[in-house]
Amino acid sequence: MKEKFNVIGKPVIRQDGKAKVTGQAKFADDYKFPNTLFGVMVRTKSTHAIIKNIDYSEIENDKNIVTIIDASDIKGAKKTGLIRKDQPVFAFDKIVTPGDVVAMLVGVDVDELRILAKKVKIELEELPSLTDPEKSLDPDSPLIHPEFNTNLVVHHPLRKGDIEKGFNESDYIIEQTYTTPHIEHAYIEPECVTAIPLEGDKGIYIIGSIQNPFTVRRIVAEVLNFPLNKVRVEQAELGGSFGGKDDIMCILSARASIAALKTKRPVKIKYTREESILESYKRHPYRMHYKVGYTKEGKIKAMKIDILADAGAYCSMTPYVTWRSVVQATGPYEIENVWTDVRAVYTNNPYTGAMRGFGSPQIVFAQESLMDDIAVSLGLTPDEIRRINGYRYGSITASGQRLENHDVNLMKVLDTACEATNFREKWLENEKHHNRRIPTIEFKDEIINKNLILSDREFVEPEDTWKKGIGLAISFRGSSLGAEGIDAAAAYLSIQSDGSAYLLCGLAENGQGMKTAYSIIVSEILGIPVENIYYLELTTAHIPDSGPTVASRSTVMGGGAVKNASEILRKRFEDFLRSQWQLTEDDLIVFENNKIYVKGKEKFSLSFSEFTALAYKKGICLASIGWYPGPKIHWDEKVGQGKAYFTYVYGAQVAEVRVNIVTGEVYIDKITAVHDPGKVINLLGALGQVYGGVTQGAGYAIFEELSKQNGFPQELNFDQYLIPTSKDVGEIVPIFIEGKDEFGPWGAKSLGEPTLELTSAAINNAIRNAVGERYFNLPVNLEEVILKRKLRPGDIQRGSL
Amino acid sequence: MKKNKILKKIKLRFTLNGEPVELETLPNKRLLDLLRDDLNLTGTKEGCSIGECGACTVIVNDKAVNSCLMLAGEINGSAIITIEGISQNGNLHPLQENFLKFGAVQCGFCIPGMILSAYALLNKNRRPDEETIKEAIAGNLCRCTGYKQIIEAIKNTKL
Amino acid sequence: MIPKLNYVAPLSLKRTLKILSENKKKAKILAGGTDILPGFHINSKRFRDIELLVDIKKIGELKLIKEFKDRVEIGACVTFSQICESDTFKKFFPLLVKSAETVGSVQIRNRATVVGNCVNNAPCADSVPPLLVYDAKIEIQSLKRKRVISLQKFLIKPYSTALKKNEVVTKIIIPKPDPDFKGDFYKLGRRRAVAISRISLALLLKKKAGIIDELRIASGAVTPIGARLHELEKFAKDKKADSSTFKELSILMGKKVLQITGLRWSSEYKLPVLQQVFYQLLEKVNEEE
């Protein structure tokens, strides 16, 4: 395996950077087409209802209305979905969640259309709403989608060993329940798409803030009843996604396309922040019950896990999200006896789907918090309990997979994180200072006024107010899709006769820096400078479908395809040169620094552009299509056993915090993030993934939460849905341990999601270390710290508005 | 109720990225829309419409402001700088160079506003400390980068 | 979306007042705009029917901070950024500077005005508690007359003030406090920047030989509108400035706020925390020399 690199692993400036820092980069709303119409949505105020009638009579003759689109305009599928076809493009039979759209008004003046949208009369028969997932499976609960006869979306069982035997062999048993809330992706760019009817019968062209153009193409084609080749989808520069611009963009693209074909004019849909938060999907709330048996030495003998996920009103990616949870729910620990059930259910809440982490942030929060409590119960330190149980090379996972063919670096990341932070010493020191716990106030069913008034003894002196804590969390994570989906990717590389190049992969840039990483791979193999590579705009017409940019798979899969395309050309070029220069097989041809030469025979040397000019003249094909199929994996759905993912990555994070025991404020002073992503392709990009992922994880830990009232999201904009600012997270120290792996380009694997999944658990453990209290419910916000529960306003008022 | 409202167009004179501009526009237009729609300067972004995210930040009379919270009329007689106006003679501004060099850009949607907040800061304070930098960009939300490389880029910019 | 409205920017106060008197019901003053424009966006009832915005930022005199021997005046268009940067305010009204520094973001502070903060009268208005403890007064002008009232009287109930449709607040007048006053401003938010106040407190303390000579207390976000707590102030007078008095005061604060607001969804958290942070603030100010 190649060990010395020219470009790989070094800091490389993003190729799309210059356009972005000058404001020239074109995001979806920056595209303007002549004669464009705009679409404005018509919604109800209902959470769950039967639609009896929609009456447009008051507005249909208004001069501002060019046309009105609803389900009756759909020629193909009226309901779509990436896994299960349960989501209507326009609601026509039922309203199942407040974000539902029954119609779209199309015209020129958006402001006027917004006023008119309120005048559509929708006759509804209200149904009882179901917003508590715990009640979804009750026999007397309403069915959200009666056609499925149950509110159960999916059930993933996992059975390993003999759970009862495991508990019998245990000295101690601990049982805990954790919960996590709905989380908004909070990409800074709200959804926007334009659909343009093409001339003749060429079909439709769609450009927008689209995470996965091929997915959008599939859904739009189904809705329009078009062949795939007549739906051309292009990705504009994407203003953040984090998994969030998938299903919603399919639906918006379909709506815009129907209207564009009907009016024969471009139709643009641009969401306000409020519409975006109201209608788009979220990260799943989980309720997680863990029962763990362990010996007095700290060896975990049995783990029984029961998880309930709120899928909301539509299935979306729920079966895959929860599948990752079932694979990883035990954490990176070798446990003989495991019994896991992960269920996801329909409710009338906002629907939930893919979001960075994809079923792991929830379970890592629960299970890594729990590990600390086990350690404390035995008088062990958090790192000790993890060393006793953590994966090594050859360990068997909960799903019965033997960890092999790659460096199982769990202990290495753990040790590195502990050493870098002086973890054990600090942790033990903080544990001594629990004498002053949070003055928790307990209430019965009714609040008794006098409890709210402090007594003399309850006042905390200023010097006792802030408590320091340090906390640890570790994880393993399957790379790419795993057994959840078809996994393969394509890349197209075309060298021009002057030595410049076009590159395109079927995966889509989400802002993470994928294009640059791919260009680096080409540069490494062919010696072309990254700046001589033009990364083509992704449209579905120009490259094979490579599946979605999800699951931290772009480097491992797309990178594999780009490497393959580059190697095809390299082999072809070498063969040509060997005959041209009459070399033997032993001669080593080097491609580097925009040059090609034979090692030790310097007279055989060409600049890359001289070479391409020559090869072009000689009729050598300078283009290739690379393909990288994912390695084989298998899964037995009935017992949750099998080779779930072809490889794994490992991470450890240490959080250092200060907790104000009076107000419940948590200050995050430092996060040390140690990750084995395999080979680092672009150091600048890799660092950015850590900083960004940790910061999102910090928000998840201490303030992010989308609350609901009867299914309506309450925090509809950034004045209420708080994400971290520049001042909220202290130092972040990324450390990379580059493990070897036979898969991925030079063993490069995944980084985007592991960085996020650990942070909330590490912070929660640090808070416990600071104040001696365990918190079970995210976010650990002001009220949670002080009261151990959330408070909800009856009537939320927006800031100073 | 709201019938036959006649909107009186307003006349504006201001400088935009150093060039004098004279135009007429509707009185209920926001500065953000004036820039994006009337003047086709789409580097200024809309993220929240209520002054919370900072994606629409521009410079008005040397101060960073949210262009979603200003009406076009309010800029009459002012000097406006947008992201399109800070490169000099076709060269990137040192802040732009450093945003690239330090890996401060991911999706890029917040970046124009972020750079302009930093630009306003550095024009007032050439050597800001880290806390000052953080405060200067606290009104610019970024979901991708975690701000660290942005702060480094600003800290290392010498004007 | 911005309603269909017209915009004028008169160059004089007189012209402004004339326009207001001619368009009583439909006109609204525009200063910083940081409450009005977000209000338009969410179609807030408070701003929905505005037909004319009268921008007063072209009136030069309203943009000034004026210092006199005994007082300082804040013109109606003075922004929070101006306050943050003003040496006069740093010297005489540090609590107001501290509160101004916590308002929104730089972008907001560059536009938002102190007078606007008072006229909007949100429960969480950050500048109100400091202005209250400094005994600020509001000068109000109509075509016919000028009146000056105390800020506390000006603030009536959330989002409502004594300002009439034909009037303009021209300035806030703040008497320079006795230099023996020490004080502080405290704000608790959910986030470390750009946060709405959950609790805010302003405190001025004057001691004589360890005895509380005068204590001024104002709260924000815990009471329906920013308010002085005169009962507590009276209670404190002539008591020893020590922990036991401060605890008593804090308990009294809890009781008083509970009495004013009754039990609210947030009381379980806010009331105990209010007492604690108030106690700590008292201790902190007392320690200052």
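Residues numbered from 1 in each chain as written. Chains lettered and ligands numbered in written order. Predicted model: local features only at pLDDT ≥ 70, side-chain atom pairs only at ≥ 80, totals over all residues. Heavy atoms only, no water.

Looking at the packing of helix H13 (residues 514–526) of chain A against helix H14 (residues 554–580) of chain A
A packed helix pair is summarised by two numbers, namely the angle formed by the two axes and the spacing between the axes. Residues and elements named next belong to chain A. Relative orientation of the contacting elements H13 and H14 amounts to 30°, with a least axis distance of 9 Å. One element, H13, and the other, H14, form an angle in the roughly parallel class. For the element pair H13 and H14, the recorded crossing hand is right-handed. Contacts from Met514, Tyr518, Ile521, Val522, Ile525 and Leu526 of H13 reach H14 at Ser554, Thr555, Gly558, Gly559, Val562, Lys563, Ser566, Glu567, Leu569, Arg570 and Phe573. (Axes fitted to C-alpha atoms, helices over the stretch in contact; angles between N-to-C directions. Helix = DSSP H or I, 4+ residues; strand = E, 2+ residues; numbered from the N terminus. Parallel < 35°, antiparallel > 145°, perpendicular 65-115°, else oblique. Left-handed = near helix turned anticlockwise from the far one by under 90°. Contact = heavy atoms within 4.5 Å.)

A few points about the pattern of salt bridges
Summed over the entire model, instances satisfying the criterion amount to 100 salt bridges over all chains. Two residues, Asp669 of chain A and Arg658 of chain A, come together in a salt bridge whose shortest N-O distance is 2.9 Å. Here Arg658 of chain A lies in strand E28 (residues 648–660) and Asp669 of chain A lies in strand E29 (residues 666–676), a separation of eleven residues in the sequence. A relative accessible area of 28% places Asp669 of chain A in the partly exposed class. By relative accessible area, Arg658 of chain A is classed as partly exposed at 27%. Lys18 of chain C serves as the salt-bridge partner of Glu22 of chain C, at 3.3 Å between the closest nitrogen and oxygen. (Salt bridge = Lys/Arg side-chain N within 4 Å of Asp/Glu carboxyl O. Buried < 20%, exposed > 50% of the residue type's maximum accessible area, 1.4 Å probe, protein only.)

Digging into the confidence of the model for chain B
Summarising the model, chain B shows a mean pLDDT of 95, and 97% of its residues fall at 70 or more. Overall fold confidence for the complex sits at a pTM of 0.96, while the interface term, ipTM, reaches 0.97. (pLDDT = per-residue confidence, 0-100.)

Here's the deal with the sheet that holds strand E4 (residues 65–67) of chain C
All names here are of chain C. Judged by pairing direction, the sheet is antiparallel, and its five strands sit side by side in the order E4-E5-E10-E6-E7 without closing on themselves. A strand with exactly one partner marks an edge of an open sheet, and here the two such strands are E4 and strand E7 (146–150). Shown here is a sheet whose adjacent strand axes are inclined to one another by a mean of 20°, direction ignored. Taken together, the three bridges between E4 and strand E5 (residues 71–75) define a ladder with antiparallel strand orientation. Bridging from a neighbouring strand, Glu67 pairs with Val72 of E5. (Pairing = 2+ DSSP bridges.)

Structural notes on the pairing of strand E15 (residues 286–294) of chain A
Residue and element names in this part refer to chain A. In terms of residue burial, E15 counts as a mostly covered element, since seven of its nine residues are buried. Where E15 lies against strand E16 (residues 300–312), nine bridges are found, and the strand directions are antiparallel. What sits directly across from Met288, in E16, is Ile307. The hairpin formed by E15 and E16 contains five residues between the paired strands, and Gly298 there has a positive phi angle of roughly 100°.

Digging into the interface of chain A and chain C
Between chain A and chain C, the residue contacts involve 53 residues of the former and 44 residues of the latter. Each partner contributes to the roughly 4,200 Å² buried at the junction of chain A and chain C, and carbon and sulfur atoms together form 63% of this total. Across the chain A-chain C interface, the total number found is five salt bridges. We note a salt bridge from Arg190 of chain C to Glu783 of chain A, for which the minimum N-O separation is 2.7 Å. (Buried area = accessible area lost by both parts, 1.4 Å probe.)

So, the packing of aromatic side chains
Residue and element names in this part refer to chain A. Considering all chains together, one arrives at 27 aromatic pairs over all chains under this definition. Pairing Trp323 with Tyr645 gives two aromatic rings, centres 5.2 Å apart and planes at 45°, and the pair type is tilted. Taken together, the residues Trp323 in helix H7 (residues 318–328) and Tyr645 in the loop between strand E27 (641–643) and E28 connect sequence positions 322 residues apart. Since its relative accessible area comes to 3%, Trp323 is described here as buried. Here Tyr645 falls in the buried class, since its relative accessible area comes to 0%. (Phe/Tyr/Trp six-rings, centres within 6.5 Å; stacked < 30°, edge-to-face > 60°.)

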